[in-house]
Amino acid sequence: MDRKLLDILCCPTSKQPLALLSGTELAAINRAIEAGGVRRTDGSPQSEALAEGLVTRDRRTVYRVEDGIPVLLADEALDTTQVADFLR
């Protein structure tokens, strides 16, 4: 992801800055998605693994990145409390 873009992005709900998920965080979320344990904020299941993601400063909310484009829709955010081994 372009660093200039990342510098200006923020969470649409909390207005916190966003950072790229680390490899460990991404792996933890994808394991939980594979197990069927992750739902989006709107209640729909997140069925596809993330190739890349952005996380808020407090590490509570993740937004997926699809083909290099951040999907910053509050209804499609993922709450990290659903992921048992997510690093906080």
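The text that follows walks through the structure, step by step, so that each part is easy to find. This structure is a prediction, so every number in the text was calculated from the model and none was measured. (Residues numbered from 1 in each chain as written. Predicted model: local features only at pLDDT ≥ 70, side-chain atom pairs only at ≥ 80, totals over all residues. Heavy atoms only, no water.)

## Details of the overall build of the chain
When its secondary structure is counted, the chain shows two helices and five strands. Ordering the α and β elements of the chain from the N terminus gives α-β-α-β-β-β-β. Computed over the C-alpha atoms, the radius of gyration of the chain is 12 Å, within 12% of the 12 Å expected from 2.2 N^0.38 for a compact globule of 88 residues. When its C-alpha atoms are laid out on the principal axes, the chain stretches across 35 × 25 × 25 Å. Across the 88 residues that make up the chain, the buried fraction comes to 38%. Residue pairs at least 24 apart in sequence account for 56% of intrachain contacts in the chain once pairs closer than 6 positions are excluded. Summing over all exposed atoms, the chain offers an accessible surface of approximately 5200 Å²; the carbon and sulfur share of this is 51%. One way to put it: in the chain the 11 positive side-chain charges average out to a point 6 Å from where the 14 negative ones average out. (Helix = DSSP H or I, 4+ residues; strand = E, 2+ residues; numbered from the N terminus. Rg over C-alpha atoms; globule rule 2.2 N^0.38 Å. Buried < 20%, exposed > 50% of the residue type's maximum accessible area, 1.4 Å probe, protein only. Contact = heavy atoms within 4.5 Å. Areas by Shrake-Rupley, 256 points an atom, 1.4 Å probe, with all protein chains shown as cover. Lys, Arg positive; Asp, Glu negative; His and termini not counted. Charge placed at Lys NZ, Arg CZ, Asp CG, Glu CD.)

## So, the pattern of salt bridges
Enumeration over the complete set of coordinates arrives at six salt bridges. A salt bridge links Arg31 to Asp85, with the shortest nitrogen-to-oxygen separation between them at 2.7 Å. Of this pair, Arg31 sits in helix H2 (residues 23-34) while Asp85 sits in the segment after strand E5 (78-79), and the two are 54 residues apart along the sequence. For the salt bridge of Asp58 with Arg60, the shortest nitrogen-to-oxygen distance reads 3.9 Å. By relative accessible area, Asp58 is classed as partly exposed at 34%. Since its relative accessible area comes to 52%, Arg60 is described here as exposed. Beyond isolated ion pairs, a larger network of salt bridges with shared partners links Arg40, Arg64, Glu66 and Glu76. (Salt bridge = Lys/Arg side-chain N within 4 Å of Asp/Glu carboxyl O.)

## Quick look at the side chain of Glu25
For Glu25, the location among the structural elements is in helix H2. By relative accessible area, Glu25 is classed as buried at 4%. At 2.9 Å, the side chain of Glu25 and the backbone nitrogen of Ser22 are in polar contact. (Polar contact = N/O pair within 3.5 Å; in protein donor to acceptor, adjacent residues only side chain to side chain.)

## Regarding unusual backbone geometry
In this structure, Arg59 takes a positive phi of about 65 degrees despite not being glycine. If you trace the backbone, Arg59 turns up in the loop between strand E2 (53-56) and strand E3 (61-66). One non-glycine residue, Asp67, lies in the positive phi region at around 50 degrees. In this structure, Asp67 sits in the loop between E3 and strand E4 (69-70). Since its relative accessible area comes to 82%, Asp67 is described here as exposed.

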